Amino acid sequence: MAPIEPRPTAPNSAPTARPAQPSAAPPPAPRADVLAPPAARSDRWEQLGNEVARGTNGVRQFSDAVGATQVRRTQGPIRFGPLETGLTGTTVEGVNTRSARWAGGVSTAASVAQLPGAAYLSFRDVRDAFRNPSGESANRALGSVSGLASTGLNVAKGGLDLAGNVSNFRAAANAARTAFTQAAPEATGAVANRVATSAASEAAQGSSRQVTRHAAARAAGEGLEDAGRLGANAARTALQGGGTAVARAAGRFAPGLNVAIAAADTAAAASTLADPNAAVGKKVTAGVTALGSIAAATNIPVVSQAGAVVSTVSSFVGAFF
């Protein structure tokens, strides 16, 4: 039997799998400040503006409340700003008293302090709306511009009212002092100033001729009553026809400015209501502010005064959202 020779084994086939490639290193984690969009970053100027708005609106709560008490009721046409509604009844108008002048000065100064912050927000949001056009950025810009307009209009109205009241008081006081001094050259300067202040105070707030003359005569003292009454007459004459040119301008433009303020606050409220990111409290207070401004533009007793105060209080509360 022939020996069995072993079969030659087949050579191993070359491997078909490709050698594993070294894996690429994972990309570095992006920095946190790169992930955050510009709108989410903290804006210190906006925060500063909000702090100023809170403080100044807090001050305005008290000054506007004082100003709301310095009014008198009359009978006449009911108006919305300068526009007559066709209705007649009891109306309300401001009175030029010392408290009214003080409250007007404080309120105007508070509005002036808010201007830089409102201007910055308006500039920033309008710039962002042009850089990244969208419905949201356009709505934000509309709200900021409306807020700036409301603040600026409040400054204009408050400044006009204050300037008119001060100029009328000074004109009445100067006229009363001159007339009294001419009628009583022997009177001291202190007495002349006292008569001028009394006569101007009564004349500026629209007191009757009898009341004004009595106040000036009492301030003049014994023996100088007639001179005091002459001073009162001069004070009333100085305020005829609305008084000084500044006071007449304030009376002419202030009602229209009230309507413009109401329109600006309404636009700002509409922008806030359309903002999906605005807090519920922000939306509520923006609406209340607009309604208060609309009420303040009327000359209806209680409604007008309450509207002005409510609008300021709502603005103060809204700054915390």
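Residues numbered from 1 in each chain as written. Predicted model: local features only at pLDDT ≥ 70, side-chain atom pairs only at ≥ 80, totals over all residues. Heavy atoms only, no water.

> What's the story with the nonpolar core in this structure? I'm lost.
Side chains of nonpolar character tend, in soluble globular proteins, to be buried together. One finds Phe180, Val195, Ala199, Leu224 and Ala235 to be the most contacted residues of the largest nonpolar core, which totals 22 residues. Sorting the residues of this core by element identifies α4 (135-183), α5 (189-204), α6 (209-220) and α7 (225-238) as the ones contributing at least two each. Broken down by element, this core gets its largest block of residues, eight residues, from α5. If we skip the residues at most four places from it in the chain, Ala235 touches Ala172, Ala175, Ala176, Ala199, Ala200 and Ala203. (Core = buried A, V, L, I, M, F, W, Y, C linked by side-chain atoms within 4.5 Å. Buried < 20%, exposed > 50% of the residue type's maximum accessible area, 1.4 Å probe, protein only. Helix = DSSP H or I, 4+ residues; strand = E, 2+ residues; numbered from the N terminus. Contact = heavy atoms within 4.5 Å.)

> Would you take a moment to explain the side chain of Asn139 for this structure?
Along the chain, Asn139 turns up in helix α4. By relative accessible area, Asn139 is classed as buried at 16%. Beyond its immediate stretch of four places on either side in the chain, Asn139 contacts Ser271, Ala274 and Asp275.

> Help me out: how do you make sense of unusual backbone geometry in this one?
Positive phi is not limited to glycine here, since Val302 has a value of about 70 degrees. Take Val302: it is sitting in the loop between α9 (280-296) and α10 (303-318).

> What is the right way to look at the confidence of the model for the protein in this model?
Caution applies to low-pLDDT parts of the model: their predicted coordinates are not meant to be read in detail. Predicted confidence across the protein gives a mean pLDDT of 88, with 87% of residues reaching 70 or more. Contacts for the low-pLDDT stretch residues 1-20, under 50 throughout, to residues beyond four places or in other chains number zero contacts. Counted against residues more than four places away or in other chains, residues 30-42, with its pLDDT under 50, gives four contacts. (pLDDT = per-residue confidence, 0-100.)

> What am I meant to see in the packing of α4 against α7 here?
The axes of two packed helices give the description: the angle between them and the distance between them. Contact geometry of α4 with α7 gives a least axis separation of 7 Å together with a crossing angle of 150 degrees. Viewed along their axes, α4 and α7 adopt a mutual orientation that is roughly antiparallel. The hand of the α4/α7 crossing is right-handed. Touching Ala171, Ala172, Ala175, Ala176, Ala179, Phe180 and Ala183 of α4 are Ala227, Gly228, Leu230, Gly231, Ala234, Ala235 and Ala238, all from α7. A per-class count over the contact of α4 with α7 returns 12 nonpolar, two polar and no charged. (Axes fitted to C-alpha atoms, helices over the stretch in contact; angles between N-to-C directions. Parallel < 35°, antiparallel > 145°, perpendicular 65-115°, else oblique. Left-handed = near helix turned anticlockwise from the far one by under 90°. Nonpolar A, V, L, I, M, F, W, Y, C, P; charged D, E, K, R; others polar.)

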